[in-house]
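# Summary of structural features
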Amino acid sequence: MTASPASVPLARPRRLSILGATGSIGQSTEAVILGAQGVFETVAVAGGRDAAALARVARSLGAKFAAIAEPSAYGALKGELAGTGIKVGAGPEALKEAACMEADLVIGAIAGAAGVVPTYAAVEAGRDVALANKECLVCAGEPFMRKAREKGVRILPMDSEHNAIFQALGGENPKRIEKMWLTASGGPFRSWSAERIAAATPEQALAHPNWAMGPKVTVDSASLMNKGLELIEALHIFGVEAHKLDVLVHPQSIVHGLVSFADGAVTAGMAVPDMKVPIAHCLGWPDRVPTAARRLDLAEIGSLTFEKPDFERFPALRVAMDALAAGGAMPTILNAANEVMVAAFLDRKITFNDIARNVEAVCEEFEKEGAARTPPDVESALAVDHIVRERSRARLAGLGR
Ligand code: NAD
Ligand code: MG
């Protein structure tokens, strides 16, 4: 967490720019904003390629500007928003414009490394960021956080585990932290045999028991790669050493993150599994805004259980933890290879087990070549990301996929 003066109090509407407004996080953010009438003002919304969905959210939130990443969608977006007075833009520059608009908080909710450039632009422009886009930190964590410190920008963690830890930390001295645990629900395959997991289809991987999310993060949650990416995210957000970070499988998804301190005390962040809760925390921070999220009823739930992750059945977590321990460019390589392999799995080109197998093989290939230097800046991280994607696709082509 970077030190900066307390954010703007909620005396006047807090101005928001939402990157990834049409996605799952975007929709939950919209619900929080609409549920807190008069508290927020949406200056910009940005999305990938769905003009109708972007126009809908732009109108619903009364945004001043709507930016779509896909240049060919400009006409469709302009048509959808004709007569509304909402300004329209398309392509990478329009996305950057949305990220840099005069706002008190930018919501980073684009999926994947596609979020790096616009989210980083927001940081460079000195905007505080509520970050859901974990791939941003896995791909370019070091230079991203360095720029945030340089600019006095606050990065508020929107990912539920990190948000829970942020709340559990309070104002504690970071030096007294002994350990941090991120919990994982275990996903849809938690109790499946290795053989069954090997034959899992995209439909089965997309059927998450506790969370409704976008497709990429849902597949990552089924393989537990998501938890590995989140450990790397935690390293950058909280500035703790890799060896202090750990994972606990907790099928009920009520306790999202825990911190233990030098005296043996443990604090934890809890809530029902609903992204509106961490989103509202980021949007309202340091105040609180009400949400319609279901209230936690522990007596009704009865028992909370915890177990160690099984690295045999979920090798993706081990591969990610290896990349975390190796540091350097390994997290960047891991992230890019994983994005390519998850897309190939969703396209039914490879099996579920092939995701971790191929990601590990790509990481090993780059390790042998000694390509492990930490990318010094975001451009270098994106250059590594690009090479790894090409190599990963070539690998799939070599496998006849
Ligand atoms: P999603 O797939 O539902 O939505 C992704 C958003 O990004 C959409 O608005 C889409 O239009 C936009 N987008 C995609 N490609 C783009 C591009 N090239 N340029 C610009 N915009 C692009 O994903 P999501 O579930 O909302 O997740 C978003 C991010 O938040 C991910 O990094 C994910 O890991 C993280 N996250 C999600 C959840 C959740 O509950 N959904 C929880 C924690 C963290
Ligand atoms: Mg999470």
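Here is what the cut-offs are and how they apply
Residues numbered from 1 in each chain as written. Chains lettered and ligands numbered in written order. Predicted model: local features only at pLDDT ≥ 70, side-chain atom pairs only at ≥ 80, totals over all residues. Heavy atoms only, no water. Helix = DSSP H or I, 4+ residues; strand = E, 2+ residues; numbered from the N terminus. Rg over C-alpha atoms; globule rule 2.2 N^0.38 Å. Buried < 20%, exposed > 50% of the residue type's maximum accessible area, 1.4 Å probe, protein only. Contact = heavy atoms within 4.5 Å. Lys, Arg positive; Asp, Glu negative; His and termini not counted. Charge placed at Lys NZ, Arg CZ, Asp CG, Glu CD. 1 Å grid on protein atoms, 1.4 Å probe; cavity = no way out; pocket = protein on both sides within 12 Å on 5 of 7 lines; lining within 4 Å. Points joined across faces, edges and corners; volume = space filled by probe spheres on them. Nonpolar A, V, L, I, M, F, W, Y, C, P; charged D, E, K, R; others polar. Phe/Tyr/Trp six-rings, centres within 6.5 Å; stacked < 30°, edge-to-face > 60°. Lys NZ or Arg CZ within 6 Å of the ring centre and 35° of its normal. Near = heavy atom within 4 Å. Polar contact = N/O pair within 3.5 Å; in protein donor to acceptor, adjacent residues only side chain to side chain. Areas by Shrake-Rupley, 256 points an atom, 1.4 Å probe, with all protein chains shown as cover. Domains from an automatic or database assignment. Buried area = accessible area lost by both parts, 1.4 Å probe. Salt bridge = Lys/Arg side-chain N within 4 Å of Asp/Glu carboxyl O.

Next up on the list: the overall build of the protein chain. Scanning the protein chain from N- to C-terminus turns up 17 helices and 11 strands. At 20 Å, the protein chain has a C-alpha radius of gyration in line with the 21 Å of a compact globule built from 401 residues. Taken along the three principal axes of its C-alpha coordinates, the protein chain extends 55 × 50 × 40 Å. A burial count over the protein chain gives 54% of its 401 residues as buried. For the protein chain, restricting intrachain contacts to residue pairs at least 6 apart in sequence, the fraction spanning at least 24 positions comes to 68%. The averaged location of the 46 negative side-chain charges in the protein chain is 2 Å from the averaged location of its 42 positive side-chain charges.

With that settled, consider the side chain of Asn-226. As for its placement among the helices and strands, Asn-226 is situated in helix α11 (residues 225-238). If we skip the residues at most four places from it in the chain, Asn-226 touches Lys-134, Val-217, Asp-220 and Ser-221.

This brings us to empty space enclosed by the protein. Applying the stated criterion across every chain, the model contains 1 cavity of 30 Å³ or more. Size it by volume and the largest cavity reaches roughly 70 Å³. Taken together, Ile-197, Ser-223, Arg-313, Phe-314, Pro-315, Ala-316, Phe-352, Asn-353, Ile-355 and Ala-356 make up the lining of the largest cavity. For the lining of the largest cavity, the secondary-structure elements that each account for two or more residues are α14 (315-326) and α16 (352-368). In terms of residue count, the dominant contributor to the lining of the largest cavity is α16 (4 residues). Partitioning the lining of the largest cavity into residue classes produces 7 nonpolar, 2 polar and 1 charged.

Looking now at the packing of aromatic side chains. Both the distance between ring centres and the angle between the ring planes are used here to describe each pair of aromatic rings. In this structure the tally under the stated criterion is 5 aromatic pairs. Summarising the aromatic geometry, the rings of Tyr-120 and Phe-144 are spaced 6.3 Å apart at their centres and angled 45 degrees between planes, so their arrangement reads as tilted. Highlighted residues: Tyr-120 in helix α5 (residues 116-124) and Phe-144 in helix α6 (residues 134-151), separated in sequence by 24 residues. Residue Phe-144 is classed as buried on the basis of its relative accessible area of 0%. Ring centres of Phe-166 and Trp-285 lie 6.0 Å apart, and the angle between their planes is 40 degrees; on these two criteria the pair is classed as tilted. Highlighted residues: Phe-166 in helix α7 (residues 160-169) and Trp-285 in the loop between α12 (276-284) and α13 (298-301), separated in sequence by 119 residues. A single burial state applies to Phe-166 and to Trp-285, both of which are buried. Over the aromatic face of Phe-65 sits the side chain of Lys-87, whose NZ or CZ is 4.7 Å from the ring centroid. Sitting over the ring of Phe-366, Arg-391 keeps its end group 4.4 Å from the ring centre.

Further remarks concern the site of ligand 1. Among the 24 residues in the neighbourhood of ligand 1, the closest are listed as Thr-22, Ser-24, Gly-48, Glu-135 and Gly-214. Here an oxygen atom of ligand 1 and a side-chain polar atom of Thr-22 are 2.7 Å apart. In this structure, an oxygen atom belonging to ligand 1 sits 2.8 Å away from a main-chain N or O atom of Gly-214. Its free accessible area being 830 Å², ligand 1 has 83% of it covered by the protein chains. At the level of elements, α1 (24-35), α6 and α10 (215-223) are the ones that each hand at least two residues to the shell around ligand 1. By residue class, the composition of the shell around ligand 1 is 13 nonpolar, 8 polar and 3 charged. When residues of the shell around ligand 1 are sorted by domain, at least three fall in each of domain 1 (5-159) and domain 2 (161-274 + 293-398).

Here we come to the domain arrangement of the protein chain. Considered domain by domain, the protein chain is made up of domain 1 (5-159) and domain 2 (161-274 + 293-398). For domain 1 and domain 2, the distance between their C-alpha centroids amounts to 24 Å. When the buried area of domain 1 at its contact with domain 2 is split by residue, Val-138, Pro-157 and Asp-159 rank highest and sum to 29% of it. Our enumeration of links across domain 1 and domain 2 arrives at 2 salt bridges. Along the contact surface separating domain 1 from domain 2 lie 11 residue pairs in polar contact (both at pLDDT 80 or more).

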